[in-house]
Amino acid sequence: MAGDEAASTASVKPIHRSPSRPQLVLSGAAIQGSTDDKNPAIVLPNQSDELCHFAIDIGGSLVKLVYFSRQTEPPLVCAGSPPRKSIKEQDRAKESYYEGWRKHPILGGRLHFVKFETAKLNDLGNLVLAAAGLFDQSVPGSAEGAIVKATGGGAFKYADIFKERLGVTFDKEDEMDCLVAGANFLLRAIRYEAFTHLEGHKQFVQINRDDLYPYLLVNIGSGVSMIKVDGDGVFQRVSGTNLGGGTFWGLGRLLMKCKTFDEILELSQGGDNSSVDMLVGDIYGGLDYSKIGLSATTIASSFGKVISGDKDLSDYRREDLALSLLRMISYNIGQIAYLNALQYGLKRIFFGGFFIRGHAYTMDTISFAINFWSKGEAQAMFLRHEGYLGALGAFLSYDKHDLTTLTAHQFVERFPMGAPYAGGEIQGPPIRDLNEKISWMDRFMKKGSEITAPIPMAAPTTTGLGGFGRPLSRALSLRSDSSAALNVGVLHLVPTLEAFPLLADPSGYEPNTIDLSDLSEREYWFNILSNTLPDLVEKAVASEGGTDNAKKRGDAFAQAFRAHLTRLSEEPAAYGKLGLANLLELREECLREFHFTDAYRAIKQRENEAALAVLPDLLAELDTMTPSERILALVEGLLAANIFDWGSAACVELYRSGTIMEIYRMSRDKMKRPWRVDDFDLLRKRWTGEGDSTPPKPHKRALLFVDNAGADIVLGVIPFARELLQRGTEVVLVANSLPAINDVVATEIPPIIAEAAKYCGVLRRAAVAGGLLTDAVSSSEDSSQEDQSQPVPALYVVASGSGSPCIDFRQVSSEVAEAAKDADLVVLEGMGRAVHTNFNAKFKCDVLKLAMIKNKRLAEKLLKGSLYDCICRYEPGQEV
């Protein structure tokens, strides 16, 4: 930490260090679920045990439950940059990367989502009675005396039953209040909560929380309520209809003798409504009614053909009846919703409620209705947790006062496969935690889930050309969204994450350079990750000592990650918008889930030691050069050292050809200008002022986002940072919070700096000023002969808040955001941070992007270049 004694030639504020992560509260909800889980859980970080953990929404057709369970051994997520330690403590930190973070676990529990039919409260001898035998009154947290948040009409109807049978008292919350609170929470807190669904294509919609209101919320339960939402707690029920999910289900039971809601939806997959519905073409001899814009396949009258025939009910196919019923209900809801939106001037219409069920065809029919009646000016949007708005709102009512503080950048979404905690038996995904204690609520909900297991479905296609047309051939059927719509993983609250303040256009920022929506691009990168998986597993197992347990975990990790790739191959939007950066981060998260904390730990340590051994000679060589020569040598050195990337298959092949230093020298010999992207002359002029009468002022503070361990950090970044310090620029090295491939981690840098400082007085004094070294220790180890009187700016190290090979500037640690406030130079080093992500990103300050392209396809497609081409892109700050 920068103290009063820190010398600096630039007038900038010292970096603020948060002393500890604050206690988290309920509003930090989060999502969890396996890739096949229809009803995913939501994480509540560090929730207090004193809070009642159960909320219920009892509707006319379905009961929706949201309940909280704690996790006994939470996975670790970085809570910020490492605290300042002595040299001895820094050495210990090298052996335990998570020591500082273990004290501040992010994952404190999960919100689970369960539904079952309201009728089953009575039909199965009352679900309450069935579950009552699961309760152990001797165990703390049993049902007796519990007070539960409840909403919906059933909160009144069944209150006495819960009280008499279980001793549970309902604390009733207003139904509309809960619906709106649940929707507002999801739309503000979850980046990819809302999506459109048209002609089988799902498109996620980024909602600007500052421009969320007003909107129309259409909640389709047993009936339909249409609510105009103007803000938190500010809403009005403007309309509704009695044709809703209850109508669909009721008529389905009468007409098709279906016992469950999902059974009707399943039947509709094989239906052809033209045998039941009267179409425009039936009236006009197979022709369109083009004068008023109606195609021949437009439905003129739902079930209209039934009146003209002599058939009995048994003569009609159940599938055809189910599809006709689904279209009738969906189209009418869509039309009424649009008319209300038109009346109140609302462009955004969100649909929720358990009628939708993530069912692709249902969403398509509603979308077509909105598109048809609005002539394309409005669109229907759906929510990933569309069935649980009321229950979620009731749960959030435990902590209403904190809801307005939620921001999307504080949530990090993960997609676990259900790995057990350490010590559990590895059986392959989906894997259940064998060590987790099951509370009475877990057992209660498990019983409820067993009663109504979801039915897998495959949705049909639709025409979508002229209004309410009939479906196309079932041979073109879509994959069902019944699970994918709610396939949302675990949403962690990380209150120390913020948006990077130096983005020139935060709302338009897109981190991914590579868009995997293109099939050929997606297949290429999926093959790359799949082909490199065996080598990664080998290194991961070796990093854990090669034990039998590590081998089992390695096999399970490989199985789990392949399952992710298969899932995304089938449906790229299953986890939200998919880019290459998301895919690379998914791999690292999957490794951590199976308790591989740092697969490349030994390799990084070996390469660090080899590079540090030659650093003194490199620094001495640089000191003999002129400023102009030295700048070129530093940039060449950074590019050359970036070849040490174990995430690149091409580079891994190179490593077999020689020692680390031989490869580095070979790489440096090849890094001569011109480069594929070459703005070096602009950079040199900004630094040296060649041709100007007045030398330019140095930058005040530079943020260096670093890449790999070994030669990259030691022989590339450190000399570059040293040059900036000598020029009077304060330097902040920004490194990963958690390991990813062979990327250097923030906790690994202070020991490297301490070793380098033995040979360089500039680095030593800067490290002391930045709190990386104590003055007494560093002075005793200083062997340099440099002038000690010259003031040197501070050198800091902060954690980025990321555990990925890439960087998403929508979510950086609060310390990075704080440091950026006084920064006027950003340096992005390496392919992950400067090419895979942020290649096209613009910043308010000067930015330097340096990388070697270590993938042949990427070099050809992005730069029309070749393998090992280099990028030196210097861009002055953008005017905002």
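Residues numbered from 1 in each chain as written. Predicted model: local features only at pLDDT ≥ 70, side-chain atom pairs only at ≥ 80, totals over all residues. Heavy atoms only, no water.

- You'll find the chain entered in an unreviewed UniProt entry as Damage-control phosphatase ARMT1-like metal-binding domain-containing protein, with Riccia sorocarpa given as the organism.

**Brief notes about the packing of helix α24 (residues 711-726) against helix α26 (residues 761-769)**
Thought 1: In the contact formed by α24 and α26, the axes pass within 10 Å of each other and the chain directions differ by 75°. Comparing their axes, α26 and α24 come out roughly perpendicular. In this structure, α24 uses Ile718, Arg722, Leu725 and Gln726 to contact α26, whose residues at the interface are Val762, Leu763 and Ala766.
Thought 2: Of the residues contributing to the contact of α24 with α26, the split by class is five nonpolar, one polar and one charged. (Axes fitted to C-alpha atoms, helices over the stretch in contact; angles between N-to-C directions. Helix = DSSP H or I, 4+ residues; strand = E, 2+ residues; numbered from the N terminus. Parallel < 35°, antiparallel > 145°, perpendicular 65-115°, else oblique. Contact = heavy atoms within 4.5 Å. Nonpolar A, V, L, I, M, F, W, Y, C, P; charged D, E, K, R; others polar.)

**Examining the sheet that holds strand β22 (residues 795-799)**
Thought 1: Pairing is mixed in the open sheet, where seven strands are placed in the order β19-β26-β25-β24-β20-β21-β22. Two strands in the sheet have a free side with no partner beyond their single neighbour: β19 (677-678) and β22.
Thought 2: Taken together, the five bridges between strand β24 (residues 825-829) and strand β25 (residues 846-852) define a ladder with parallel strand orientation. Across the sheet, the residue bridging to Leu825 is Asp846, located in β25.
Thought 3: Strands β24, β25 and β26 (870-875) of the sheet are contacted by helix α20 (residues 627-641), whose axis makes an angle of about 50° with β25. (Pairing = 2+ DSSP bridges.)

**Description of the packing of aromatic side chains**
Thought 1: Going through the model one piece at a time under the given rule, you end up with 20 aromatic pairs.
Thought 2: Both rings, one in Phe809 and one in Phe843, keep their centres 5.4 Å apart while their planes meet at 85°; by these two values the pair is edge-to-face. With Phe809 in the loop between β22 and β23 (812-813) and Phe843 in the loop between α29 (831-836) and β25, this pair connects stretches of sequence that are 34 residues apart.
Thought 3: Phe809 sits in the buried class, given a relative accessible area of 0%.
Thought 4: Judged by relative accessible area, which is 1%, Phe843 ranks as buried.
Thought 5: Chaining the aromatic ring pairs together yields one cluster made of Phe500, Tyr509, Phe705, Phe809 and Phe843.
Thought 6: Sitting above the plane of the Tyr524 ring, Arg857 keeps its charged end 4.6 Å from the centroid.
Thought 7: Its end group placed over the ring of Phe839, Arg873 keeps NZ or CZ at 4.1 Å from the ring centre. (Phe/Tyr/Trp six-rings, centres within 6.5 Å; stacked < 30°, edge-to-face > 60°. Buried < 20%, exposed > 50% of the residue type's maximum accessible area, 1.4 Å probe, protein only. Lys NZ or Arg CZ within 6 Å of the ring centre and 35° of its normal.)

**So, unusual backbone geometry**
Thought 1: The residue after Tyr213, namely Pro214, is reached through a cis peptide bond having omega -5°.
Thought 2: Note that Pro214 resides in the loop between β8 (201-204) and β9 (215-220).

**Quick notes on the sheet that holds strand β10 (residues 224-231)**
Thought 1: Within the open sheet, the seven strands sit side by side as β8-β7-β15-β14-β9-β10-β11. Their pairing is mixed. In this open sheet, the two strands that pair with only one neighbour each are β8 and β11 (234-241). The mean inter-strand angle of the sheet, taken between neighbouring strand axes irrespective of direction, is 30°.
Thought 2: As judged from the four bridges shared by strand β14 (residues 348-352) and strand β15 (residues 379-383), these two strands associate in the parallel manner. Across the sheet, Ile349 pairs through a bridge with Ala380, a residue of β15.

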